[in-house]
Every structure is written in C-alpha cells, then in structure tokens.
Amino acid sequence: MIEPPPESCPGTGTEESGKADACAGCPNQLICAAAGPALPDPDIAIIAERLAGVKHKILVLSGKGGVGKSTVTANMARCLAMNEEVSVGVLDIDLCGPSMPRILGCEGEGVHQSGSGWSPVYVEDNLSIMSAGFLLPSPDAAVIWRGPKKNGLIKQLLRDVDWGTLDYLLVDTPPGTSDEHLSIVQYMAGTGIDGAVIVTTPQEISLQDVRKEVNFCRKVNMPVLGIVENMSMFICPKCHVSSTILPASTGGADKLSSDIGVEVVARLPLDPIVGQACDEGASLFEDHPESEVARAYQGLVRSIATKISGSQ
C-alpha cells in the first residue's frame, strides 16, 4: 500500500475494497479495487474434512493470562475421559506457553508422522493431545515468532494432525483476542465449532477482559457456552474450610453474568491438590475423586455436555 489504511477502511481483499464510501479520496483506493476480493483459503475445506470425525469442538478462552485456562482445559479433558466410551482430544495452540504436555504428564514425548499425518500423543487410550510444545527442542526453548509464522503453525496443527474419531476436541488458546484466536476461528469455520468456554477469576481485573472476550465471540458468531469462575474460593487442605482469597469486588462472575447474559457454568475452588496434580502430570480424578474440586469439574463437564446436546 502507498499509505497506512484510514480508520474507517473496510479492509483489503473484500467485495467493498476500493468501492465503499470510506474509500473515496484514499490514496490506496485504486490498488484495493484492482486487487479484488481475496480468494478463499483452500486449506479451510481440508481442515473441515480432517475434523469431520470429531463430534464436538470446544474452544477454551480467557481474556486475562494466569486465570488457569490450561488447567481448566486439561481437567475438563481428563474428566470427560473418565468415561472409557468417550474419546477426547486436546489441541494446545498456546504457542508461546505450551503447558499442556506438562499438565497431562507427557512432556518430552515426540510427534510421530505417518501417511495420514501427525499422530497425537496419547495420555490414555481415549485421551490424546497435540501441542507446539512437542515440536520445541526443549521445554525452556522460547517461541519468538511474528503473527504469520504463528498462524502457519496453527493451520498445520489443524490440517495435518490425524485425530481419527473423537467425541470431543478441546482447543486450549492463549489469553487475549489476537492473531491466534482469529486464525483458529477462521480455519475452523467449516468444522462446526460448538462454542467457547471462557475462564476467569473473581476479581474485576480479570472480569473486564472477559467482557472483551465475549464481544470477540459475538463478533465472529461463535456461541459462548458459559463462564467458568476459577479460584472462586480457597479450600484449606487441613480443615477443609473454604475462604475467599480473590475478592469479588464488583460482584464477581454472577454480576458479570447478569450484565452480559452469559451463564456461569461452574465455580472451581482453589485447592493445592490441583497445582500438585498439574506439576506432576497426574489425574485429579484418580488421585482425589471425592474432593470438592473434582466434583466441581464433574458438574462443569455435565453442564457443557448438556448445553451442546441441547443445541443440536
């Protein structure tokens, strides 16, 4: 382009490029008009075909980092996989912080390639994972990439991984509403995303970013299945009494829910056994099946499964 696009620019590569009222007087007008609309990405159809055997696709989002989104994703996957008749996959597209291999206990595993594509790493017979963390030379290696290279790897993870037949595919995303989120929604446009689960903590500093995340979902026409309030209360490992660590100074997830019209589907307690299980790559549901946090996750999974089945 000759100059940066104006604020009201309809965008390049669209039917309106160079023809909209906002284009009048823009020095780039002739360039945009001559280029015409962008051609459809052929890989979108390939990705739709690749994921045709996946019944339900759920994105796990968070506006703020550090709210436990990856922990929630991993424990949802483990909880679903406790039913041996249910097959679950986890796709980790948090390229700069791929923690899923550690949380699911398969750090250091390698990705194998066959004639049908990359094979995901199996945690259990019915629980598999694919993560950018498997492609790095070491857990300490930093991914220092710009947007186009990130988007290329996300596309490759969607296009080239052979998931086979799955009941659920959970996609763990980085925090925010930037390149990775736009890419995953665009690339999965033909696959039928069931919706997004948005993770937050009770304090306003996290809730204000959830509002942005909900607006993002609505702009890209993706259903929001519900809000998960993580670290809702602290449970003492000795006396098992609950107390508030992160105060809901503005009403917490309940107030947010009434403001934006999105249901709170779970309140997950802050319990040291969760952090220990994640560090050790262990299953919370095998080691502490009667804990309050395990029961909270079971309620979350039931709620999401009910919403998905009710929308079909």
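Up top you'll find the structure we're talking about.
Here's what I pulled together on the structure shown here. On a predicted model such as this, the values are computed, not experimentally measured, just so you know. (Residues numbered from 1 in each chain as written. Predicted model: local features only at pLDDT ≥ 70, side-chain atom pairs only at ≥ 80, totals over all residues. Heavy atoms only, no water.)

As for the overall build of the protein chain
Selection rule: Counting from the N terminus, the helices are DSSP H or I runs at least four residues long and the strands are E runs at least two residues long. Taken over C-alpha atoms, the radius of gyration is set against a globule rule of 2.2 Å times the number of residues to the power 0.38. Here the term buried applies to any residue with accessible area under 20% of the maximum for its type, exposed to any over 50%, and partly exposed to those in between, with areas from a 1.4 Å probe on protein chains only. Contacts are assigned to residue pairs that have any heavy atoms within 4.5 Å of one another. Charge convention: Lys and Arg are scored as positive, Asp and Glu as negative, and His as well as the terminal groups of each chain are ignored. Working definition for charges: the position is that of NZ of Lys, CZ of Arg, CG of Asp or CD of Glu.
Scanning the protein chain from N- to C-terminus turns up eleven helices and twelve strands. Here the protein chain has a C-alpha radius of gyration of 21 Å; the compact-globule value for 312 residues is 20 Å, and the two agree. The C-alpha extent of the protein chain, read off along each of the three principal axes, is 70 × 50 × 40 Å. For the protein chain, buried positions account for 48% of its 312 residues. When contacts within the protein chain are restricted to residue pairs at least 6 apart in sequence, long-range pairs at least 24 apart make up 77% of them. The distance from the centre of the 23 positive side-chain charges to the centre of the 38 negative ones in the protein chain is 4 Å.

Observations regarding the packing of helix α2 (residues 42-50) against helix α5 (residues 147-160)
Helix-helix packing is characterised by the crossing angle of the two axes and by the distance between the axes. Stated precisely, the cut-off is as follows: Angles shown run from 0 to 180 degrees and are taken between the N-to-C directions of axes, each axis being a line fitted to C-alpha atoms and, for helices, limited to the stretch in contact. Angle categories are assigned with fixed cut-offs, so that under 35 degrees is roughly parallel, over 145 is roughly antiparallel, 65 to 115 is roughly perpendicular, and the rest are oblique. In the scheme used here, Gly and all other residues not listed as nonpolar or charged are polar, with Ala, Val, Leu, Ile, Met, Phe, Trp, Tyr, Cys and Pro taken as nonpolar and Asp, Glu, Lys and Arg as charged.
In the contact formed by α2 and α5, the axes pass within 8 Å of each other and the chain directions differ by 45°. Relative to α5, the element α2 is oriented oblique. Facing D43, I46, I47 and R50 of α2, the residues of α5 in contact are K155, L158, R159 and D160. Here the residues of the contact of α2 with α5 sort into three nonpolar, no polar and five charged.

Regarding the packing of helix α7 (residues 204-219) against helix α8 (residues 252-260)
Put simply, the test is: By convention, the crossing between two helices is left-handed when the near helix turns anticlockwise from the far helix through less than a right angle, and right-handed when the turn is clockwise.
Look at α7 against α8: their axes get within 11 Å of each other, and the N-to-C directions meet at 35°. The way α7 lies across α8 gives a crossing that is right-handed. Each of L207, V210, R211, V214 and R218 in α7 lies in contact with α8, whose residues at this interface are G252, A253, L256 and I260. Considering only residue class, the contact of α7 with α8 consists of six nonpolar, one polar and two charged.

Overview of the environment of S291
The line we're drawing: As used in this structure description, the phrase polar contact means that two N or O atoms lie within 3.5 Å; if the pair is within protein, one of them must be able to donate a hydrogen and the other to accept it, and residues adjacent in sequence are counted only when both atoms belong to side chains.
If you trace the backbone, S291 turns up in the loop between α10 (284-287) and α11 (292-311). Distance in space between the C-alpha atoms of S291 and G115 is 44 Å, their sequence separation being 176 residues. Residue contacts for S291: discarding those within four places in its chain leaves I273 and L284. Of the polar contacts made by the side chain of S291, one reaches the backbone oxygen of H288; its length is 2.9 Å. At 3.2 Å, the side chain of S291 and the backbone nitrogen of A294 are in polar contact.

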